[in-house]
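Report on the structure
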Amino acid sequence: MWLRITVPAAVVTLIVLLGLAVVAGRGLGPLRLQTVDDELRAALVPAADAVGAGRPPAEADGITLRVLDTAGRPVDGGAPVSRLDPSALRALKAGEPVSTGQPVTLRWLGVMVPTPDGTPRLVVAGTGLAGLGASVREGSHWLLAAALVGAVFAAAATWLVVRLALRPVARMRRSVRALPQGERLPVPEANDELRALAEEFNALLARQAEASARLRRFTGDAAHELRSPVASIRVQAEVAVANPDPELSQETLADILAEAERLSALLDGLLALARSDAGELPPAEPVELVTEARAAVHRLPPGSPAARVGGVVGSAWAHAAHAEVELVLNNLLRNACRYAQSQIVVSVLAGRSTVRVVVDDDGPGIPPEHRDRVFDRFYRVEHDRSRASGGTGLGLAMVAETVRRRGGRVTVGESPEGGARFQVTWRRAGNVSVS
Ligand code: ADP
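Remember, predicted model here, so these are calculated numbers, not experimental data. (Residues numbered from 1 in each chain as written. Predicted model: local features only at pLDDT ≥ 70, side-chain atom pairs only at ≥ 80, totals over all residues. Heavy atoms only, no water.)

Quick notes on the overall build of the chain
Helices and strands together make up the secondary structure of the chain, namely 10 helices and 11 strands. Relative to the compact-globule value of 22 Å for 435 residues, the chain shows a C-alpha radius of gyration of 50 Å, a clear excess of over 25%. Based on the C-alpha atoms only, the size of the chain along its principal axes is roughly 155 × 55 × 35 Å. Of the contacts formed within the chain by residues at least 6 apart in sequence, a portion of 63% connects residues at least 24 apart. Taken as a whole, the chain presents about 25,400 Å² of accessible surface, with 58% of it coming from carbon and sulfur. (Helix = DSSP H or I, 4+ residues; strand = E, 2+ residues; numbered from the N terminus. Rg over C-alpha atoms; globule rule 2.2 N^0.38 Å. Contact = heavy atoms within 4.5 Å. Areas by Shrake-Rupley, 256 points an atom, 1.4 Å probe, with all protein chains shown as cover.)

A look at the environment of R4
For R4, the location among the structural elements is in helix α1 (residues 2–52). Owing to a relative accessible area of 65%, R4 belongs among the exposed residues under this scheme. Considering only alpha carbons, one finds R4 and W159, 155 residues apart in sequence, at a separation of 9.9 Å. (Buried < 20%, exposed > 50% of the residue type's maximum accessible area, 1.4 Å probe, protein only.)

Describing the side chain of T402
Residue position: T402 is located in helix α10 (residues 395–404). Its relative accessible area of 9% is what places T402 among the buried residues. Beyond its immediate chain neighbours, meaning those up to four positions away, T402 contacts E324, L327 and V328.

With respect to a nonpolar patch on the surface
A surface patch of nonpolar side chains, about 750 Å² in accessible area, is lined by W2, L3, V7, V11, I15, W159, L160 and L164. Sorting the residues of the nonpolar patch by element identifies α1 and α3 (132–177) as the ones contributing at least two each. Among the elements that take part in the nonpolar patch, α1 stands out by supplying 5 residues, more than any other. Classification of L160 by relative accessible area gives partly exposed; the value is 49%. (Patch = residues over 30% accessible without salt bridge, like charges linked within 9 Å, V, L, I, M, F, W, Y side chains within 5 Å. Salt bridge = Lys/Arg side-chain N within 4 Å of Asp/Glu carboxyl O.)

A short note on the domain arrangement of the chain
As far as domains go, the chain holds domain 1 (2–135), domain 2 (193–277) and domain 3 (285–427). Relative to domain 3, the C-alpha centre of domain 1 lies at a distance of 103 Å. (Domains from an automatic or database assignment.)

Focus: the packing of helix α7 (residues 322–339) against α10
Close contact between α7 and α10 brings their axes to 9 Å; oriented N to C, the two are set at 150 degrees. Looking at the two axes, α7 sits roughly antiparallel to α10. For α7 against α10, the interelement crossing comes out left-handed. On α10, the residues touching E324, L327, V328, N331, L332 and N335 of α7 are G395, L396, M398, V399, T402 and V403. Looking at the contact of α7 with α10 residue by residue, the class counts come to 7 nonpolar, 4 polar and 1 charged. (Axes fitted to C-alpha atoms, helices over the stretch in contact; angles between N-to-C directions. Parallel < 35°, antiparallel > 145°, perpendicular 65-115°, else oblique. Left-handed = near helix turned anticlockwise from the far one by under 90°. Nonpolar A, V, L, I, M, F, W, Y, C, P; charged D, E, K, R; others polar.)

What about the UniProt feature "transmembrane region" (unreviewed entry) in the chain?
According to UniProt, the "transmembrane region" (unreviewed entry) feature falls on residues 142–166. Structurally, residues 142–166 is divided into 100% helix and 0% strand, and its ends, taken at the C-alpha atoms, are 36 Å apart. (UniProt positions renumbered as here; feature names shortened; annotations may be inferred.)

Digging into helix α4 (residues 193–242)
Taking 1.5 Å of rise per residue, the 50 residues of α4 would be expected to cover 74 Å, and the 72 Å separating its terminal C-alpha atoms lies within 8% of that figure. Within α4 the residues assigned to the buried category are L194, A198, N202, F218, A222, E225, P229, S232, Q236 and A240. (Expected span 1.5 Å × (residues − 1).)

Concerning the UniProt feature "domain: HAMP" (unreviewed entry) in the chain
Here the UniProt-annotated "domain: HAMP" (unreviewed entry) positions come out as residues 163–213. This span, residues 163–213, is 71% helix and 0% strand, and a straight line between its end C-alpha atoms measures 39 Å.

A look at helix α6 (residues 289–299)
Listed in full, the buried residues belonging to α6 are L289, V290, E292, A293, A296 and V297. Projected down its long axis, α6 carries its buried residues within an arc of 165 degrees, all on one side. Taking the backbone nitrogen of V290 as reference, a side-chain oxygen 3.2 Å away marks E288 as the first, capping residue of α6. (Arc of directions from axis to C-beta. Polar contact = N/O pair within 3.5 Å; in protein donor to acceptor, adjacent residues only side chain to side chain.)

As for a negative patch on the surface
Taken together, D245, E247, E251 and D255 make up a surface patch of like negative charges. The topology assignment puts E251 in helix α5 (residues 246–277). (Lys, Arg positive; Asp, Glu negative; His and termini not counted. Charge placed at Lys NZ, Arg CZ, Asp CG, Glu CD.)

Notes on the sheet that holds strand β11 (residues 420–427)
Neighbouring strands of a sheet are bound in pairs by backbone hydrogen bonds; such pairs are parallel or else antiparallel. Read from one edge of the open sheet, 5 strands run β6-β8-β9-β11-β10, paired in mixed fashion. Either end of the sheet is taken by a strand with one partner, and the two such strands are β6 (306–310) and β10 (409–414). Across the sheet, the mean angle separating the axes of adjacent strands is 15 degrees when strand polarity is ignored. In this structure, β10 lies alongside β11, joined through 6 bridges in antiparallel fashion. Considered in β11, the bridge of V410 is made with V424. Taken strand by strand, α6 contacts β6, β8 (343–350), β9 (354–361) and β11, and its axis lies near 170 degrees from that of β8. (Pairing = 2+ DSSP bridges.)

Digging into a positive patch on the surface
Judged by side-chain charge, R163, R167, R171, R173, R174 and R177 come together as a positively charged surface patch. With respect to the helices, strands and loops of the structure, R171 is situated in helix α3.

Focus on the pattern of salt bridges
Summed over all chains, the structure comprises 14 salt bridges. Of the charged contacts in the structure, one is a salt bridge between R107 and D37, with a shortest N-O distance of 2.8 Å. Of this pair, R107 sits in strand β3 (residues 106–114) while D37 sits in helix α1, and the two are 70 residues apart along the sequence. The exposure class assigned to R107 is buried, which follows from its relative accessible area of 9%. For D37, a relative accessible area of 7% gives the class buried. A salt bridge links D38 to R41; the nearest nitrogen and oxygen atoms lie 3.5 Å apart. You can see D38 and its partner R41 sitting in helix α1, 3 residues apart, about one turn around the helix. A cluster of three or more residues bridged by salt bridges with shared partners is formed by E324, R405 and R406.

In structure tokens, the structure reads:
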């Protein structure tokens, strides 16, 4: 991590500093020339004053001072000034600096001055530029070296800062490694990303703990539920073997058959829930609820309490799978049959974006304190009552799971008939953009 931050930071710093060094190096030459021009100008002022006063210019240190006529010929008795062509002469008269020689070896600056008798004279000051290129090159090298050193410093500083910044991360990593079962990570005081990470991590741990507790409970409950029919089959078989009475055997076989059926229903339920837990989801299609409700009522065994489909206006299409709607209706109606005294009413209602099936019965209902948990796996309001009636305690859990994974909802309340009211809401087919 520190390498991933330090290396790019050092490279970027190096590029920026090198760029600056190159730009500054380019500016060095003109800067040095500027300094030379300033020195020439400073020497030129007293020289021009002297010539204006009719005196020869005084000597200046390292600077050649010459007095020329307007054609560039010397009037101070010295040798002609070499390489002063007409354009250079024009520039000097205009007060602009001129460089001569190839490569540039001399720098000149001039000023026009009238002598006391009114003759115009060009006073020029010149100096050699030998060594300027070398010193500019040397300056550039120094700048490049400074850029490299700066980049190294920046890399070291970044590395140090990143290490310091990552120290809490390392601490957190150690805490995670040594975290005892069931414990949570200490949340850092500072209100920063690490605190948010620790909180997220703790939330994840909590969710995982909850999921594994649920799984443990489910496995324990499943084993417990499976044990009693198996034990009952075994005991009855042992009794039948010990007392080989044909009449008793027939009765025992009937009991064993009933227990085996319960066992098989339990295993079917467990398998269905396991498949659902694994995320298997059949493709959704529009399912017409009125037809389904009527078919489910028809499927009720003879001798069931009177059941009818009411509250229907036209048709109601749910976004679900056919088998899912069938499972939900079968389970709710089977329960209603178990508990209703005399009647069951199934209503189908269509809203703007949802469709609902309401199953009412006139049985004992479900007391409010059980309503939250009645959709839990193996939960029974009255343990013995439903077990005696062959219930597995998985029916409503399957209903809830089936409806929930389609984005629907199932609730339980009190029916106007006096018993339980189960209400299932699906998204309305056609209103659904994703399946
Ligand atoms: P079971 O297969 O045991 O009926 P369910 O999950 O279908 O399991 O139901 C859970 C419990 O909810 C049942 O044991 C029963 O106590 C209660 N229950 C379900 N439906 C009704 C109802 N219509 N009226 C009263 N109690 C009900």
